[in-house]
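Structural description and commentary
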Amino acid sequence: MPRGTGLSAHILPTSATMIGVCLTALYISLLSPFSAGRMVVDKLLAVDALVFLVSAVLSFLSMRVHGRAARFESLAENVFIGALGLLALGALVLAFAVS
């Protein structure tokens, strides 16, 4: 497979974008009054940004390391899907914490 044509070429920029989304939502949540719900959302978003970072690093490694590229790409895909699930959980907690 030619370099940069796999799924990693899509995971890397999308993970980087999602890190920005998590950080933006985190800073927007800081504008609301402090509550236990907001603290949970803040922690979820911070952890989620780190999980997206792991996904981005794994996808980068899959494009750079020739011997185990498929393994890194598979790990990047699984971590990315997990991070999306965590982001959905954060959105759900945020929706109930606000109301």
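In what follows, the accompanying structure is described. Quantities reported herein were computed from a predicted structural model and do not represent experimental measurements.

Section: the side chain of D48
Tracing the sequence through the fold places D48 in helix α2 (residues 36-64). Buried and without a salt bridge, D48 has K43 as its closest oppositely charged side chain, separated by 15 Å. The contacts of D48, once residues within four sequence positions are left out, are C22, A83, L86 and L87.

Regarding the environment of V51
One can find V51 in helix α2. C-alpha separation for the pair V51 and L86, spaced 35 residues apart in sequence, amounts to 9.0 Å. Contact partners of V51, with chain neighbours within four places excluded, come to V79, A83 and L86.

Regarding the packing of aromatic side chains
Under the definition given, this model contains 1 aromatic pair. Judged by centre distance (5.7 Å) and plane angle (65°), the ring pair of F52 and F80 falls under edge-to-face. Of the two residues, F52 sits in helix α2 while F80 sits in helix α3 (residues 69-98), which places them 28 residues apart along the sequence. The class for F52 is buried, based on a relative accessible area of 0%.

Re the pattern of salt bridges
Inspection of the entire model under this criterion finds 1 salt bridge. Between R38 and D42 there is a salt bridge; the shortest N-O distance is 3.2 Å. Note that R38 and D42 are positioned in helix α2 at a spacing of 4 residues, about one turn of the helix.

Regarding helix α1 (residues 8-29)
Between the first and last C-alpha of α1 there are 31 Å, a value that for 22 residues agrees with the 32 Å anticipated at 1.5 Å per step. Along α1, the residues classified as buried are S8, I11, S15, M18, I19, C22, L26 and S29. The buried residues of α1 all sit within an arc of 115° when viewed along its axis, so they share a single face. Pointing more than 90 degrees away from the buried face of α1 are the exposed residues H10, Y27 and I28.

Here is what the cut-offs are and how they apply
Residues numbered from 1 in each chain as written. Predicted model: local features only at pLDDT ≥ 70, side-chain atom pairs only at ≥ 80, totals over all residues. Heavy atoms only, no water. Helix = DSSP H or I, 4+ residues; strand = E, 2+ residues; numbered from the N terminus. Buried < 20%, exposed > 50% of the residue type's maximum accessible area, 1.4 Å probe, protein only. Lys, Arg positive; Asp, Glu negative; His and termini not counted. Salt bridge = Lys/Arg side-chain N within 4 Å of Asp/Glu carboxyl O. Contact = heavy atoms within 4.5 Å. Phe/Tyr/Trp six-rings, centres within 6.5 Å; stacked < 30°, edge-to-face > 60°. Expected span 1.5 Å × (residues − 1). Arc of directions from axis to C-beta.

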